[in-house]
Amino acid sequence: MHTSILPVALALAFVQAAPARADATRVSIEKDELQYVGYLDDAANAQLFALYERLSPKPSVLAITSKGGDVQTGLALGEWVHAHGLDIKVMEYCLSSCANYVFTAGAQKIVSNVAVIGFHGGVGSTQFALSGELKARYAAMTKAQQDAYWVGFRNDMRPALAREAAFFTLIGVRQDITTYGQADRFKNTVADGWTFSADGFRRFGVDRIRVLDGPWRPTPPNTAWKIALIDGGALPAID
């Protein structure tokens, strides 16, 4: 089996896997808003869900600052946000799976005038980059092994792709929002990821965006993050 050569589950380049770190994801309630700070994490999700159930009255806003996390964890959080009709508030950044599945799921999206909603791929991506040990092990494969790996990879991704498609149908958002910036025409524009203006988001079905103290000028807190704004004339009209 190809999985004995290279673990497929570890090869998802678009997943912002949480590195070893001292600070765990923090979940709390502050000023009547749920707070989620850190990588998307199954344990943090469970803590958030339990906290919400204990609270009365129920909060209507989830404020989140996250670089992303596992796809399934992000989908679980996004599904829960949608089911409970919560607004999403981003004051700093919401990247990767946070952008794909949590921000898009909010009933209303509240952003600061510098908030960054950054995308860099999804399970529907047609290109993935390996890194570290995985990259080295892949490089050591024969061409036949590499081809077999990618066939197996696509097969293993089918359940996640189906879940993602069902999620975007549920929330009324175009699934290609997670992969749009990977089109060839953006290869000289997009480095680490991409974002959209409020108008651009609306063309993908992400509406009800409220900017605090606008206009909205996304500004990454880390200048090393190269996130391009890729909407305007480049976005196709929605039928």
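Residues numbered from 1 in each chain as written. Predicted model: local features only at pLDDT ≥ 70, side-chain atom pairs only at ≥ 80, totals over all residues. Heavy atoms only, no water.

Engineer: Please give an account of the overall build of the protein that cites residues and values.
Structural biologist: Scanning the protein for helices and strands turns up 6 helices and 10 strands. Taking all 239 residues of the protein together, 46% fall into the buried category. Entry remark: accessible area of the protein is about 11800 Å², with carbon and sulfur atoms responsible for 53%. (Helix = DSSP H or I, 4+ residues; strand = E, 2+ residues; numbered from the N terminus. Buried < 20%, exposed > 50% of the residue type's maximum accessible area, 1.4 Å probe, protein only. Areas by Shrake-Rupley, 256 points an atom, 1.4 Å probe, with all protein chains shown as cover.)

Engineer: Describe the sheet that holds strand S2 (residues 33-37), and please don't skip the residues or the numbers.
Structural biologist: Sheet architecture is open: 6 strands sit in the order S1-S2-S3-S4-S6-S9, paired in mixed fashion. Looking at strand neighbours, the two that pair on one side only are strand S1 (26-30) and strand S9 (209-212), the edges of this open sheet. With strand direction ignored, the average angle separating the axes of adjacent strands in the sheet is 20°. Pairing of S1 with S2, which is carried by 5 bridges, proceeds in the antiparallel orientation. When the bridges of S2 are listed, Ser-28 appears paired with Gln-35. The strands touched by helix H2 (residues 71-83) are S2, strand S3 (61-65) and strand S4 (87-90); relative to S3, the strand with the most contacts, the crossing angle is about 155°. (Pairing = 2+ DSSP bridges. Axes fitted to C-alpha atoms, helices over the stretch in contact; angles between N-to-C directions. Contact = heavy atoms within 4.5 Å.)

Engineer: Which residues make up the nonpolar core, and what are the values?
Structural biologist: Counting 55 residues, the largest nonpolar core has Leu-62, Ile-64, Leu-77, Phe-103, Ile-117 and Phe-201 as its most contacted members. When residues of this core are traced back to their parent elements, those giving at least two are S2, helix H1 (42-54), S3, H2, S4, helix H3 (97-102), helix H5 (143-171) and helix H6 (198-203). With 7 residues, H5 is the largest single contributor of residues to this core. (Core = buried A, V, L, I, M, F, W, Y, C linked by side-chain atoms within 4.5 Å.)

Engineer: Could you give an account of the packing of H2 against H5, naming the residues involved and the relevant values?
Structural biologist: Taken N-terminus to C-terminus, the directions of H2 and H5 make an angle of 20°; their axes are 11 Å apart at the nearest point. As the angle between them shows, H2 and H5 are arranged roughly parallel. Read as a crossing pair, H2 and H5 show a hand that is left-handed. Only Ala-160, Arg-163, Glu-164, Phe-167, Leu-170 and Ile-171 of H5 make contact with H2, whose side of the interface consists of Gln-72, Leu-75, Ala-76, Gly-78, Glu-79 and His-82. Among the residues making up the contact of H2 with H5, the classes are represented as 6 nonpolar, 3 polar and 3 charged. (Parallel < 35°, antiparallel > 145°, perpendicular 65-115°, else oblique. Left-handed = near helix turned anticlockwise from the far one by under 90°. Nonpolar A, V, L, I, M, F, W, Y, C, P; charged D, E, K, R; others polar.)

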